[in-house]
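Chain by chain, the residues:
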Amino acid sequence: MQLDQKQYDAALRTLSGTHSDAFAFRFHDLRGDVLLAQGKQADARAAYQEAFSKMQEDNPYRTIVELKLDSLGGQAK
């Protein structure tokens, strides 16, 4: 919601809060989305890479993060 409302700093603070390790990849992915919206492509790529590395290979969401990484250039792995 904060991302949609362009409240980027608030969104990053929310995402930096405590969360379950089971959802760590989603927090990193969303952080990447916020950073990309701010025009910080290198930081977004690092966040997406972290999300990608935290997912099991059979996680269907991994493909989405891989597409985001591909769109920023370079390899996902």
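As shown above, the structure is provided for reference.
Because the structure is predicted, anything quoted here is derived from the model rather than measured.

Chemist: Please set out the overall build of the chain residue by residue, giving values where relevant.
Modeler: Scanning the chain for helices and strands turns up four helices and zero strands. Sequence-ordered secondary structure for the chain, helices as α and strands as β, is α-α-α-α. Against the globule reference of 11 Å for 77 residues, the chain gives a C-alpha radius of gyration of 12 Å, in line with a compact fold. Oriented by its inertia axes, the alpha-carbon framework of the chain measures out at about 30 × 30 × 15 Å. Every one of the 77 residues in the chain was classed for burial, and the buried ones make up 32%. Treating the 10 positive side-chain charges of the chain as one cloud and the 11 negative ones as another, the clouds have centres 4 Å apart.

Chemist: Residue-level account of the packing of helix α3 (residues 41–54) against helix α4 (residues 62–71), with values.
Modeler: Packing of α3 against α4 brings their axes to within 9 Å, and their N-to-C directions diverge by 155°. Between α3 and α4, the crossing angle belongs to the class labelled roughly antiparallel. Between α3 and α4 the crossing geometry is left-handed. Only Arg62, Val65, Glu66, Lys68 and Leu69 of α4 make contact with α3, whose side of the interface consists of Arg45, Tyr48, Gln49, Ala51 and Phe52. Its residues placed into classes, the contact of α3 with α4 shows five nonpolar, one polar and four charged.

What counts, and at which threshold
Counting of residues starts from 1 at the beginning of each chain's written sequence and follows it residue by residue. In keeping with the predicted nature of the model, local features appear solely for residues at pLDDT of at least 70, side-chain atom pairs appear and are counted solely at 80 or more, and the whole-chain, interface and lining totals rest on all residues. Side-chain metrics in this entry use all non-hydrogen atoms of the structure; hydrogen atoms and water are not considered. Secondary structure elements are defined from DSSP: runs of H or I of at least 4 residues count as helices, runs of E of at least 2 residues count as strands, and each element is numbered from the N terminus. We take the radius of gyration over the C-alpha atoms and set the globule estimate at 2.2 Å times the residue count to the 0.38 power. Any residue under 20% of the maximum accessible area for its type is buried, any over 50% is exposed, and the rest in between are partly exposed; the area is computed with a 1.4 Å probe on protein chains only. Charge assignment: positive for Lys and Arg, negative for Asp and Glu; neither His nor the chain ends contribute. Taken as the charge location is NZ of Lys, CZ of Arg, CG of Asp or CD of Glu. Think of each axis as a best-fit line through the C-alpha atoms, taken over the contacting stretch in the case of a helix, with angles from 0 to 180 degrees between the N-to-C directions. Small angles under 35 degrees read as roughly parallel and large ones over 145 as roughly antiparallel, with 65 to 115 read as roughly perpendicular and the rest as oblique. Here a crossing is taken to be left-handed if its near helix is turned anticlockwise relative to the far helix by less than a right angle, and right-handed if that turn runs clockwise. In this analysis, two residues are considered to be in contact whenever any of their non-hydrogen atoms come within 4.5 Å of each other. Classes in brief: Ala, Val, Leu, Ile, Met, Phe, Trp, Tyr, Cys and Pro nonpolar; Asp, Glu, Lys and Arg charged; the others, Gly included, polar.

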